[in-house]
Each structure stands twice: as structure tokens, then as C-alpha cells.
Amino acid sequence: MTRHALEQVTDFGDFTRGKELKEVLKQSFNSSSPSQNCLSNVRVSPDGRHIHVIQQTPKSGLMTCDKYQRAHLVQCQKQLDLVLTRNLPIVDVIYFAHSSADDGSTVLGVIFENGKVEFWRFSERKSGWNLFHSADLCNSPRAKIVSVCLCQNFIIWCEERPPSELQSSSVSSVPRNNFRFCICKRTFEVDEGGVSLGGVKIALHNNPCYLVVSSGDLVYLLPDTNEHPIIPVSKVFLAWSPQHDIFKVHSVSSGTLLIRNSTANKESDFKRLVTDCIGILSLNITPPDICGFCPTGAGDLLLLLSTGWVCTMQRDGVLRHIYKLPDNCLTTCGTQNSLKLYRDIIALTAGRMMYLIDAKCGLEMQRITLKREGLLFVNCLESHSPQMLSESGLFVVIQREVEAKLKPSGAHSENINPSAILAEAVFEEACKYYQQRSLSTTQLTVEKLKKGGMFQAPISLAAIIRDYLSNQKMKSAGHEKLLSSLDSELKSLVALEDIKTSMVKASEKNLANSCETLVHQEISRLLSSEIDRENLQYLNSIFNLFPTETWQAVQTVLQLRCNGEGSLSSKAPAELWKIVLCPVQTTANFTHCNGQQLQTHAPANVAVPVFELLCHTIFKFQPSWLPRFLELAQQQSVSSTTSSWSFGVKESSESLPLYKRALAVLPCKGAYQDLEVELLLCSQRPNAVMQALRILMGLGQWDRVTQVAQRFCCQSPLLNKEIFTTLLCEVSQHRHLDPYLDLLWALCPEDMTVTGILNIVLKNLPSSGQSCTGPFQGSQHSSQLTIGLLKPLLTKVLQRETKPSQRYADILQSPTHPPPTPPRQVKGLPKVTTELDIDLSERGPSGSQVGLV
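Every value quoted in this text rests on a predicted model; they were computed, and no experiment measured them.

**Notes on the overall build of the chain**
Within the chain, the secondary structure is distributed over 28 helices and 34 strands. Taken across its 853 residues, the chain has 43% of its residues classed as buried. Pairs at least 24 apart in sequence give 55% of the contacts found in the chain among residues at least 6 apart. Per element, the accessible surface of the chain, about 47,000 Å² overall, is 52% carbon and sulfur.

**A short note on the pattern of salt bridges**
On inspection of all chains with the given rule, the structure shows 21 salt bridges. Asp-751 is paired through a salt bridge with Lys-721; the nearest N and O atoms lie 3.9 Å apart. Here Asp-751, found in the loop between helix H24 (741–746) and helix H25 (754–764), pairs with Lys-721, found in helix H23 (residues 717–733); they are 30 residues apart in sequence, far enough to count as distant. The exposed category is assigned to Asp-751, whose relative accessible area is 52%. Salt bridges linked by common partners bring Arg-628, Glu-631, Glu-678 and Arg-704 together as one network.

**Quick notes on the packing of aromatic side chains**
The full count for this structure, using the stated rule, is 14 aromatic pairs. Judged by centre distance (5.8 Å) and plane angle (5 degrees), the ring pair of Trp-551 and Phe-621 falls under stacked. Residue Trp-551 is found in helix H15 (residues 547–557), and its partner Phe-621 is found in helix H17 (residues 610–621); the two are separated by 70 residues along the sequence. Judged by its relative accessible area of 7%, Trp-551 is buried. Overall, the relative accessible area of 27% leaves Phe-621 in the partly exposed class.

**Topic: the environment of Gln-673**
Tracing the chain through its elements places Gln-673 in helix H20 (residues 673–683). Through-space distance from the C-alpha of Gln-673 to that of Leu-696 is 8.7 Å; in sequence the pair is 23 residues apart. Contacts of Gln-673, omitting those with residues within four sequence positions, involve Ile-695 and Leu-699.

**Concerning the packing of helix H14 (residues 533–545) against H15**
Relative orientation of the contacting elements H14 and H15 amounts to 115 degrees, with a least axis distance of 5 Å. Between H14 and H15, the crossing angle belongs to the class labelled roughly perpendicular. Counted together, Ile-542, Phe-543, Asn-544 and Leu-545 of H14 and Pro-547, Thr-550 and Val-554 of H15 form the full contact between these two elements. Its residues assigned to classes, the contact of H14 with H15 shows five nonpolar, two polar and no charged.

**Side note on the environment of Phe-29**
Relative to the helices and strands, Phe-29 resides in helix H1 (residues 18–29). We classify Phe-29 as buried; its relative accessible area is 4%. Considered as a pair, Phe-29 and Glu-391 are 362 residues apart in the sequence and their alpha carbons are 7.4 Å apart.

**Re the sheet that holds strand S26 (residues 353–358)**
Pairing is antiparallel across the open sheet formed by four strands, whose spatial order is S24-S25-S26-S27. One side of each edge strand has no neighbouring strand; the edge strands of this open sheet are strand S24 (337–342) and strand S27 (364–369). Each neighbouring strand pair of the sheet contributes to a mean axis angle of 15 degrees, computed without reference to strand direction. Where strand S25 (residues 345–350) meets S26, six bridges bridge the pair, whose relative direction is antiparallel. When the bridges of S26 are listed, Ala-347 appears paired with Leu-356.

**Here we look at the side chain of Glu-118**
With respect to the element layout, Glu-118 can be found in strand S7 (residues 116–123). A distance of 3.0 Å separates polar atoms of two side chains, one belonging to Glu-118 and the other to Arg-86. Only 3.1 Å separates the side chain of Glu-118 from the side chain of Trp-120, close enough to count as a polar contact. Beyond its immediate stretch of four places on either side in the chain, Glu-118 contacts Leu-84, Thr-85, Arg-86, Leu-108, Gly-109, Val-110, Phe-112, Leu-131, His-133 and Ser-134.

**Observations concerning a nonpolar patch on the surface**
Taken together, Leu-758, Leu-762 and Leu-765 make up a surface patch of nonpolar side chains, about 250 Å² in accessible area. With respect to the element layout, Leu-765 can be found in the loop between H25 and helix H26 (787–802).

**Some points on the pairing of strand S4 (residues 61–66)**
With six of its six residues buried, S4 lies for the most part within the structure. Covered by surrounding structure in S4 are Gly-61, Met-63 and Cys-65 together with Leu-62, Thr-64 and Asp-66, the residues of both alternating faces. Inspection of the sheet shows strand S3 (residues 50–55) paired to S4 by six bridges, in the antiparallel sense. The residue bridging His-52 from the neighbouring strand is Thr-64, located in S4. Where S3 hands over to S4, the hairpin turn is made up of five residues, counted between the paired strands.

**A few points about unusual backbone geometry**
A positive phi angle, close to 55 degrees, is found at Asp-245, a residue other than glycine. One can find Asp-245 in the loop between strand S16 (237–241) and strand S17 (246–251). The partly exposed category is assigned to Asp-245, whose relative accessible area is 25%.

**What to know about the pairing of S25**
Counted residue by residue, S25 has six buried out of six residues, so it is predominantly covered. Bridge count for S24 against S25 is six bridges, and the pairing is antiparallel. The partner of Leu-339 across the bridge, within S25, is Leu-348. A loop of two residues connects S24 with S25, the two strands running antiparallel in sequence, and Arg-343 in this loop sits at a positive phi of about 55 degrees. Hairpin connection between S25 and S26: a loop of two residues separates the two successive antiparallel strands, and Gly-351 in this loop has a positive phi of roughly 70 degrees.

**Focus: the sheet that holds strand S22 (residues 309–313)**
Read across the sheet, four strands follow the order S20-S21-S22-S23 without closing on themselves; strand pairing throughout is antiparallel. Of all the strands in the sheet, the pair left with one neighbour each is strand S20 (290–295) and strand S23 (319–324). Strand-to-strand, the axes of this sheet are offset by a mean angle of 25 degrees, without reference to chain direction.

**Some words on the side chain of His-52**
Considering the arrangement of structural elements, one finds His-52 in strand S3. His-52 gets classed as buried once you look at its relative accessible area, which sits at 0%. Polar side-chain contacts of His-52 include one of 2.3 Å to the side chain of Tyr-95. Apart from residues no more than four positions distant in its own chain, His-52 is found in contact with Asn-41, Val-42, Arg-43, Leu-62, Met-63, Thr-64, Val-93, Tyr-95, Leu-108 and Trp-129.

**Here we look at the packing of H14 against H17**
Between two packed helices, both the angle of their axes relative to each other and the distance between the axes serve to describe the pair. Viewed as axis vectors pointing N to C, H14 and H17 meet at an angle of 5 degrees, and their least axial separation amounts to 11 Å. Comparing the axis directions of H14 and H17 gives the class roughly parallel. Contact residues: H14 offers Leu-536, Leu-539, Asn-540 and Phe-543, while H17 offers Val-610, Leu-613, Leu-614 and Thr-617. Broken down by class, the residue content of the contact of H14 with H17 amounts to six nonpolar, two polar and no charged.

**Focus on H23**
For H23, spanning 17 residues, the distance from its first C-alpha to its last is 25 Å, which sits close to the expected 24 Å at 1.5 Å a residue. Among the residues of H23, Leu-719, Asn-720, Ile-723, Phe-724, Thr-726, Leu-727, Leu-728, Cys-729, Glu-730, Val-731 and Ser-732 are the ones counted as buried. The elements touched by buried residues of H23 are helix H21 (686–699), helix H22 (702–713), H24, H25 and H26.

**Focus: the confidence of the model for the chain**
Across the chain, the average pLDDT comes to 76, with 71% of residues at or above 70. Low pLDDT, under 50, characterises residues 585–604; the predicted model gives this stretch 46 contacts beyond four residues in sequence or across chains.

Thresholds applied
Residues numbered from 1 in each chain as written. Predicted model: local features only at pLDDT ≥ 70, side-chain atom pairs only at ≥ 80, totals over all residues. Heavy atoms only, no water. Helix = DSSP H or I, 4+ residues; strand = E, 2+ residues; numbered from the N terminus. Buried < 20%, exposed > 50% of the residue type's maximum accessible area, 1.4 Å probe, protein only. Contact = heavy atoms within 4.5 Å. Areas by Shrake-Rupley, 256 points an atom, 1.4 Å probe, with all protein chains shown as cover. Salt bridge = Lys/Arg side-chain N within 4 Å of Asp/Glu carboxyl O. Phe/Tyr/Trp six-rings, centres within 6.5 Å; stacked < 30°, edge-to-face > 60°. Axes fitted to C-alpha atoms, helices over the stretch in contact; angles between N-to-C directions. Parallel < 35°, antiparallel > 145°, perpendicular 65-115°, else oblique. Nonpolar A, V, L, I, M, F, W, Y, C, P; charged D, E, K, R; others polar. Pairing = 2+ DSSP bridges. Polar contact = N/O pair within 3.5 Å; in protein donor to acceptor, adjacent residues only side chain to side chain. Patch = residues over 30% accessible without salt bridge, like charges linked within 9 Å, V, L, I, M, F, W, Y side chains within 5 Å. Expected span 1.5 Å × (residues − 1). pLDDT = per-residue confidence, 0-100.

Now the structure itself:
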């Protein structure tokens, strides 16, 4: 396994003023004052050669420490330190990129609170720092800068304006002095003579105090936590494109709320910008605070929220949840946290713990315990390696085991030990299991599990895996029994590890085949047992990352076959279908509109159920199979004798029917109405059939409307009556169904009367000001219904009403003579035969003897 370690690069011995820097950093890191916190007053240059400490007390200043590449030349000449020309509070230092950089030259801008800026240049050839020139960044001499950043060829800053210079507009619900800030921008150009600035343009008026953060071509305006928060507007933050003047209003709980384009040559006002969001701002909902942030450089912003979630606000407005810190982690470590992105690795320090997280899948790679708090920074020369600054020096995270195992392509991987990997997986899985069952809030780790001696099951299981893979002879009978029961699982685990190993060594040509095999095995494994939330999210990620491979795997796992008639068949076992057809609660994170799915304001990592995943894959690769797959799923649910998962039979308030779940994968734009009709008709439910019929009528497909009516009118008398009534309403309004009237009259239910038919027609006649030519004949272009068209139907129904009903004829008909009366006898009493009875039975009415009947 890849293990990361923190290695010290330097203890500031090769920096100028190194000892003084260590003392300043020690005081800064150990300070309890937020204004003196190291995370807010220390800056590291992009190349890692300059460290700046912005000093606020006892007096304002800037301490700069430099690392020279040619130390032997520096020792022979005097170094020129960066000494500011004025003693004013410093807001920030910014580095300018320029194309003529040679001999390690760097251009730095020192931004003062009063709007002044000093441009400095560092060059080893000229023995250090040299002042280019000074300039006024703001137009107003009374302006006060609170934050600044660079975005492409713009300098962006937030400044506090005097009350007399503010625009008259303000947010009436909040005191005026809270909205005394504005966002400004200026173009710049760096050349050999210095930095030339363009004119000042105000992009946003009357806004609260914002921190400006640049990411790619976007600037994010984040609420300043040091200022007193304004409760309504602190629920949102802004994203702004300086080049196109496009503002977006974001929320850490709902993503993008509003997009607004500024009018050409017209400045925006904060009040007008958030007017459309006033409903959300007035809600009694408090979104989590932003505890840390990091620009990704591509327009996205990495956020650390007070809930412990690490999220990415993507430039398209989607808030993607990546990783969740342990509970109360931020509460215990306070404000000492730092967040940075190194290509595909997120590094986060919270107190004295560093977390390394995979940015793509959110998997925690490792935790590294720190001796002291540190500040993460990105070195542009080594942007893939996390680097940290602490009071002890500069540190870098390295991958020791990976470097030791690197071999030329084609070499065998003898150092990979499958038994150690699988044994480690056993302990990690056991940690999750015991943590869920534990009542303690203490985090259980693998080390505690191994050393505690309380949990023998994972230790025994790990020993079984080692013995199994090393082909050692079992000494314990218990091991032999366990081994026989775990044989299939162990074989699948070993096969999985072999595939992973082959993928690491595979060439680009063979990588696709290995990937397809791996996806097939993972889907087969996940669908062979009950799926919890974690496995369902994992299954979702597989479907998203490998769509083509999952489509092939789904056909194989479900054993889907399409015969010549267009129907699907499956030979998958019933237990697998039980996993596929797992019910979805109606109170879940999905709502349906006209049969299609709309995702509500749910977290970005909400998992889609298995049946919806399969329907989406089929819709993407083979849309014509979707109705057949729905029929197959309904057959599987009905044929199951287990009532606990007969989901397609009855629709209840606790679960959604299968056809609605299949409709959820269709887009809501109505581009696939034919497919929607097929799914509705496949369900054979009355409501769905009527919905399909209305869609067909809306599309004007009258031939198919009559076919559906003929097919489903015989299903039930109630559905027959509803279909006939609906079509009769259509006949009353237009003439499109005239060619099919004979067919429609044949569908008339037996309980319809002439009065009922005329009432339906009169209620649905179109209101038109055009005069009709007469009740019995219409003009060629008239859309009115005439008596002539209804005559066959009315005649048929009238004859049925006047003709005697034969429904109860067999009951009304009675024989001429009533049936003979059965002999009466009291139940339960034995019949006693007397001589009188015998004598009467032997003689007739006239006294003659008769035979017994």
C-alpha cells in the first residue's frame, strides 16, 4: 500500500534572517489572538523561496526571508532586504507573473490599507530586493482596502468607502453602515520598467465586507468572518467574472441561487443583485459557516464547512460533497486549519492532524499526526506534493513505499503482498462495523483493534487469509471450518486483487480489458448481497465513471437476452432481482413531475437506487429496451412468492411503482414522449393508461389513440367507461376522430344512457361565436358536433334502453308448477317409526295399498 510520510526540507538555516523567522513564527503559531493567527499573516511565494510575515503589533511592518539559489555569491556581497518606505497597516502581498522573469526574478506588490501599493522586484543578480515604484490603487484618498487578489490581468480588491462617496441605494432591512464597501478592479501590465495600471472600475456597490479569492477566471466574494456577520446576507456568497461582469449568488446549502449579467457600462448594486433571493434570505435557515477555502485554479473553489464537510463549489454552480471530517473535529482544533489542493490530492490540517484525501472519489488516503500546527502552501515547482510551513521549518509529504517499488514497465511486482493487503482490508472493515455498534464517540482505529485484544474475529479472519494465501496447513479445526465457509469469498477477493495488480502493470492497449473485467466483478459482487448506503454510493460511482463497461456488465450479470419478437428474458436468480427491485421511499430525495424525475435540493452525493441506475444505463445505450425491461421487472416482482418485495403489484404510500421509477430516468423536456407512452402502457395500470392516452391525444396520434382504447377497454368496466367518456369529450370538441366513430361507438359501455351521453356532449361543446348552419348538417369547415354524427350512437343506446334486458331473464322465468315440498323433519331428533306410519305409507288416499316411492 502507498504510505505517505512528512519529511523536513529545511529548518530555515538557508533563509536570510532564519533565526528571527523561527522566533516570529513560534510567537505567531502559539498566539491565541485571531488577528495574530499564523494562517492569516504568513505568506509563502509561489516558488517557495520567499516567506513574508505581516506584522500588526506592536507596530505594522513586513518581515521577509529569502532563500538564494547561489549561496556562494551571496556570501561575497551585501544582500538587499525588502524595507518598506512607509509604516502603515499592510493588507496583503501579491505576486505578479511576468514573461521576462530570468535569474529567479520576482515581482511583488505590497498593498497598504490606505490604498497605496509598492512594487518590488527580487533578483539574485542585483543582490535582492529593489523598489520599482509606488502607486495609488484607489481613487479616493479616504478609501480603506480590506482584501485584494489577482485574476488574470486584473487587480481585484474590496474597499471601504466613506459615507459621502457611497451610492444612495442601500438595503433597508439592515443598517446602512454594514454596506459601506464596494468591489473594484484595475488592469495591470508588468514590463521591465515596472507595473503599469489601468483605470479604476467599480464592479459592485453597497456590499458587505468580502474576502476576494481568485480561482482561474472567476473571483469569489466570501463573507469576512472577522467582521460582524450580517445575518441575512451572510447566508450567501458571490462568484464574479471580471472579464464578462457576470455575478452568481451561491449558497453552501443549495448551490447556485441566481445568475445576473451586468448591463454594459453600468455598475451593479448589491441590493438589486440579491433582491431575487430575498425569499431565501428571509428563511429561518442557517447554512454552515465557511471555515476554510482554497482556489483550485480552474474556476472551482474548495470549501471547508463548519459541519466538517469538505466540498467543491464548481464553476457551474454545483456543490459537490467530497469528504466528511470526524465529528467535533473542528470544534476541538479551533481556527487552526489549512486547506490546499495538490492535483488530485486534498491536504487538510485540522489542529495537529493532517488528512490526505483523494479529490476524485473522496476516499481518505491517510492521516498524519503532526508535532506542531502548520500552514499548507503550494510550490509551483512541485505542485503535486503537499508542503507545510511550521515553526520548525519547511516540510514535504513524500511517498516512501511507492518510490521504493517503482520499476521499469514490464517488470514483475514481487513486492506486492496480497495477504497483507487483504488482512488490512479485514481490519478496516471491522473498524467500521464495530464503530457503528459502539456507544462510545471515541474513534476506533486499526491500531487499537490490533492491540486491544477485545475483538478476536478480525484477528482470526486475518490469520485465515494469510494462511490461505501462503498455502500453509491449518492447525485448528475451527480454522478449517471457517475456511470452507469462506472459500468462495476468499477466491473472489484474491481474483479482485489480481485484477487490480494486472491493471497497475497493464499497457494502454490491455487496460480497457482489465477495466471491463474489474467493473464486471465489482457489479456482480455488489448485487450478490444486501446493499447498504456506502455500497450504493460506490455502485453509483462505478456507473458514473465507467458507463460503457457497466452496460456490458449489466447484460452479463442479469443475463439479459432479446428474442426476435422484441421481448427481453433474464435467467438471473430471484435473489438478484430482489436487490435490483429494492423499493424506494416516496419521502426520499427524489420527486416526480409528470412521471419524470426532478432532484430536489439534496447533497451532491445522494445515491440513486439500483433499479434507477439500470434504467438509466439502458436508456443511454439501448432506449428501445427500456419498456421491455420494465415488463421483465414487473414479471419478476409478481412471480415472486415473497410478499415483502412484490413491489410492482400494488402502489402504496410507502413505495413507488416500477413504472414511475422507470419514468424517472427520462428527461423532463418531453423529447421522449413515445418512450414515455410505452412505459405507461407497459404498467397496465388504469391511471397510467389514461395518462398515456392523454399524451397521444396531445400529440394528435388518433390512430394510436383508438388502438390503445380497443386494447384496454376490455380490461375493466370502469376503465372502459373512463376511456369512452374521455374520447366522447374529444369528439365534442373537434373532428379529428370522425374517421374512427364507428369504432368508438362500439366501445360504449352497457350502462351508458342517452341522457348521460347528451350531458357529456353539452358540457364539452367548444364555446364559439360562429353560427352553426343547423342541427343536422354542418358546413365543410365547421368543427361543431352535429346530431348526424351522434345518431348511430344514440340509436344504439336507445334501442338498448327500450329492449327488455335479458340480464335477469333466467331469474324471472319460473316453471308452471311449483317444485314439490321437501319432507319436513326436525334436525337432530331421530325419526321413530310407528305402526300408524307404516300403515299410512302402505295405503293410498282411498285406502288401497301402494308401493313405497
